[in-house]
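# Architecture at a glance
Below, each chain spelled out in residue letters.
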Amino acid sequence: MNRRNFLRTTGALSLPALLSSGVAADPAGFFSQFINPDSDKILVLIRLSGGNDGLNTLIGLDQLENLHQVRPNVALPADGVLQLNDTVGLHGRMAGMKDLFDNGQLGAIQAVGYPNQNRSHFRSTDIWTAGAGADETQTKGWLGRYLELEHPEFPTGYPNETFNYPLAMTMGNVVSSTCQGTMANLSVVVNNPYNYLYIAPGGDTTLPENFYGDEVSYVRNLISQSNQYGAIVQETANAGASLATTYTDGTLSSQLKNIATLISGGLKTKIYVATLGGFDTHSDQIQTDDPLTGDHGDLMEELSASIKAFMDDLALLGCADRVMGMTFSEFGRRIRSNQSNGTDHGDAGPLFLFGNCVQGGVLGNNPVIDPEVEQNVGVPFQYDFRDVYGSVLVDWFQMRMATVQSLFNGGFTYLPIASGCSSVLATSVHSISAVGMEEFIDVQWHTRFDAPPRGFTVERSEDGRNFRSIRRMAADVGGSEQYAIEDRDVRKGPLYYYRVKVEAADGTFSTSNVQIASLRGTRQGAWAVGLPRPNPVSAESYIKVYAPEDALANFELLDAQGRRLRSGTINLQGKMDNRVPLQPAGLPAGHYVWRMTTPDGERFVRKVIK
């Protein structure tokens, strides 16, 4: 990488040094509006840096006993879980987010991840911020890719009369990779919006037409953009206000309070990225005398209280319907705890969405905890994180489905993310689940009501957006709260979306949140094969293989001359990562080729060193 390109991709890292604790802009990479130019929708991302322990965040109530068997030194007690519905609860120190859930302003998605999960902080963060697969090299962020489609001339001519404000903002000191573009990151870094420091332009003398002149011109442009964007940020911060009094003294609260102030001041920025660090809890995750205390409990309280204060602030400022928030973390933690009162790098974890317009409730099933699970196993993913990203762009920013599909290699599957904006979830359906069996999908729902409703209508969709009625049921006059149907008009392959419409005693209607299911044996995702770890190989070396369905795959081990040394079959469990041991014992030092062939004839080749 030459010096100019280095500056273009890292300029936001150096500018805070120039601007002290003030506003920093990266090299001319600034956000553009989404498809609807009149939209005033705002997305706030919160990165949980370090890998959040999802099993101690969103807790399956039906899995508590098994959780205590596999993580006896970190599992929460039953009275340390805030119950959300009949099947799931939150960490006991997340009272603020429970309040939001009860008001229909918080949605949770179980076990979000991707095939062939990488457990490196750096690599997995790259994957999440790029919206790419584990075996994909993608240098641009998932938001940056779309914005470059909308603004092909960017960053030339920015800021301008139409876009005189930063269209994306990272709170803190380091630019977010979500907005990385081809030539520059499309974001602005803001540490303190009230403390803008003007930088002298450095002269306007004529520059020579050579490499030196090109570089000086680039730096002059960078300084000019920083000054322009810094001035508008400080102006709107001074014009804005924060009315909530419940923010904590923590870093996340400070970031969200600044975001609320800038929104109220009229800043038209569409994307904000905040960060809460400290989630790499290998040790001291809890205090032994009280499982609710310790590093992770402190983080849960800061996350929950900060989001609740932010939502209260937005309501007081009159702009809550314009804002949707989303959390993400590079990975979850392993199912079994370690001996240091902590947990190690794992796989999938829960993701939260918050706002007046999110679909409330919990999407997905509780991760099943096997009491005999091995030490290195993580939670398998139920939902690909790219499905969440794509659905946010469709639901919140009204992007065309085809446009969003083009942003992600392999496309995405739509998930119901947003709903009509409401401060309260107006439905008496307390929880709903949909579970695929061999020949039917079992749909169950639990109700709570003062007066029995007239009845229920179960609706189904194959695209998540267009629903039709498949079953009408009268309410049980005896007062039953549990209902179920078996939907047998389904086939193996598609995803099915279910919701329940409730007709109240007064004739009004309300609708539950949506659940998704497919018949057992349905493929999920595509084959993914990782690299040998470690390599050069040892007795512990393995290759991680994600299988989209239960399958037998063939493998071969070849030497440098192409001679087959070993072969056999691998029994792979579908819809999860499988660790395939390489067992190099008896091999002399040298270079080898490991080759796997799927039942469909797809072939994967990996280099092995002994």
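Heads up: the structure comes first, above all this text.
On a predicted model such as this, the values are computed, not experimentally measured, just so you know.

### Structural notes on helix α7 (residues 251-264)
Across its 14 residues, α7 extends 20 Å between first and last C-alpha, which sits within 8% of the 20 Å expected from 1.5 Å per residue. Taken across its 14 residues, α7 has 10 buried, putting it largely inside the fold. In the stretch just after α7, G266 is the one whose phi turns positive, near 100°.

### Let's talk about the pattern of salt bridges
Applying the stated criterion across every chain, the model contains 23 salt bridges. Where R322 meets D40, a salt bridge forms, and the shortest distance between an N and an O atom there is 3.3 Å. You can see R322 sitting in the loop between α8 (295-317) and β10 (323-328) and its partner D40 sitting in the loop between β1 (23-25) and β2 (42-48), a full 282 residues away along the chain. With relative accessibility at 23%, the residue R322 sits in the partly exposed group. Overall, the relative accessible area of 37% leaves D40 in the partly exposed class. Its salt-bridge partner being E503, residue R472 comes within 3.4 Å of it at the nearest N-O pair. On the criterion of sequence distance, the pair formed by R472 in strand β17 (residues 468-474) and E503 in strand β19 (residues 496-503) is long-range, its members being 31 residues apart. Owing to a relative accessible area of 48%, R472 belongs among the partly exposed residues under this scheme. Assessed through its relative accessible area of 15%, E503 is described here as buried. Each of R93, D298 and E301 takes part in one network of salt bridges that share partners.

### Re the sheet that holds strand β3 (residues 58-60)
Pairing is antiparallel in the open sheet, where three strands are placed in the order β3-β5-β4. Each edge of the open sheet is held by one strand with a lone partner, namely β3 and β4 (81-83). Between one strand axis and the next, the sheet turns by 40° as a mean value, whatever way the strands run. Here β4 runs beside strand β5 (residues 88-91); their pairing, made up of three bridges, is antiparallel. Across the sheet, the residue bridging to Q83 is G89, located in β5.

### Some thoughts on α8
With 23 residues, α8 should reach 33 Å at 1.5 Å per residue; the first-to-last C-alpha distance of 33 Å fits that figure. A positive phi of about 80° marks G318, the residue just after α8.

### Some points on the pairing of strand β23 (residues 542-547)
With six of its six residues buried, β23 lies for the most part within the structure. Across the two faces of β23 the burial is the same, with Y542, K544 and Y546 and I543, V545 and A547 all buried. Where strand β22 (residues 528-529) lies against β23, two bridges are found, and the strand directions are antiparallel. Paired with V529 across the two strands is V545, which belongs to β23. Alignment of β23 against strand β26 (residues 576-581), held across six bridges, turns out to be antiparallel. Considered in β26, the bridge of I543 is made with V580.

Parameters at a glance
Residues numbered from 1 in each chain as written. Predicted model: local features only at pLDDT ≥ 70, side-chain atom pairs only at ≥ 80, totals over all residues. Heavy atoms only, no water. Helix = DSSP H or I, 4+ residues; strand = E, 2+ residues; numbered from the N terminus. Expected span 1.5 Å × (residues − 1). Buried < 20%, exposed > 50% of the residue type's maximum accessible area, 1.4 Å probe, protein only. Salt bridge = Lys/Arg side-chain N within 4 Å of Asp/Glu carboxyl O. Pairing = 2+ DSSP bridges. Axes fitted to C-alpha atoms, helices over the stretch in contact; angles between N-to-C directions.

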